[in-house]
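Chain by chain, the residues run as shown.
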Amino acid sequence: HDDIGRLLERGLSHADGAILAAPVSDTIKRGDDGHGIVESVSRRNLWRALTPQLFRFDDLRSALREALTEPACVAGITDEAAAIERRGGRPLLIAGAADNIKVTTLIDLALAELILTRPQ
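Below, the structure is looked at part by part. (Residues numbered from 1 in each chain as written. Predicted model: local features only at pLDDT ≥ 70, side-chain atom pairs only at ≥ 80, totals over all residues. Heavy atoms only, no water.)

Some details on the sheet that holds strand β5 (residues 92–95)
Reasoning step 1: Strand order across the open sheet formed by three strands is β4-β1-β5, with mixed pairing between neighbours. Lying at the two open borders of the sheet, with one neighbouring strand each, are β4 (47–54) and β5. The average undirected angle you get between the axes of adjacent strands in this sheet is 40 degrees.
Reasoning step 2: The pairing of strand β1 (residues 18–23) with β4 spans five bridges and is antiparallel. For A18, the partnering residue across the bridge sits in β4 and is L54.
Reasoning step 3: Together, β1, β4 and β5 form the strand contacts of helix α1 (residues 2–11), whose direction differs from that of β5 by roughly 155 degrees. (Pairing = 2+ DSSP bridges. Helix = DSSP H or I, 4+ residues; strand = E, 2+ residues; numbered from the N terminus. Axes fitted to C-alpha atoms, helices over the stretch in contact; angles between N-to-C directions. Contact = heavy atoms within 4.5 Å.)

Brief notes about the pattern of salt bridges
Reasoning step 1: Counted according to the given criterion, the structure contains seven salt bridges.
Reasoning step 2: Between R61 and D58 there is a salt bridge, and its shortest N-O distance comes to 2.9 Å. Taken together, the residues R61 and D58, both in helix α2 (residues 57–68) and three residues apart, mark about one turn of the helix.
Reasoning step 3: Residues R86 and E66 are paired through a salt bridge, measuring 3.9 Å at the closest nitrogen-oxygen approach. Taken together, the residues R86 in helix α4 (residues 80–86) and E66 in helix α2 connect sequence positions 20 residues apart.
Reasoning step 4: Judged by relative accessible area, R86 falls into the partly exposed class, the value being 29%.
Reasoning step 5: Three or more residues joined by partner-sharing salt bridges are found here, namely E66, E70, R86 and R87. (Salt bridge = Lys/Arg side-chain N within 4 Å of Asp/Glu carboxyl O. Buried < 20%, exposed > 50% of the residue type's maximum accessible area, 1.4 Å probe, protein only.)

Comments concerning unusual backbone geometry
Reasoning step 1: Omega for the bond connecting T51 with P52 falls within 30 degrees of zero, at 0 degrees, which places this linkage in the cis form.
Reasoning step 2: One can find P52 in strand β4.
Reasoning step 3: Of note in the backbone geometry, H35 takes a positive phi value of approximately 70 degrees without being a glycine.
Reasoning step 4: Relative to the helices and strands, H35 resides in the loop between β2 (28–31) and β3 (37–41).

Thoughts on the nonpolar core
Reasoning step 1: Counting residues in hydrophobic clusters, the biggest one holds eight residues: I19, A21, F55, L60, A63, A81, A83 and I84.
Reasoning step 2: Elements represented by at least two residues in this core include exactly β1, α2 and α4.
Reasoning step 3: The greatest single-element share of this core, amounting to three residues, is contributed by α4.
Reasoning step 4: Ignoring anything within four residues of it in the chain, the contact list for A81 reads I19, Q53, F55 and P91.
Reasoning step 5: Residues L20, A22, L50 and I94 belong to the second largest nonpolar core, which totals seven residues. (Core = buried A, V, L, I, M, F, W, Y, C linked by side-chain atoms within 4.5 Å.)

Coordinates in, geometry out; function isn't part of it.
Here you go:
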């Protein structure tokens, strides 16, 4: 509830919307095509996008429509914020709880079930 409250409070007053996000705590490695490490990437200013994301409906709809007109661009639009960013927007990052996971893979689904069934 606190995360949603902060998202609404700050996101509704920002022209480009906002997303819940968590600072990256993992060590990030950039690799090459042969799976060799090219570099260790600084965690400074890196965030992991969470859900939900908050945007004005008309802005988001037009940003998504524009992105869909460029087939090469579609693969790079992995969330709503990416569509807004593509057209020059800079949504706010609102710190959210790290256990706010996205359910994208079967492992994510198992983790979500574990979180939802844990004793409070």
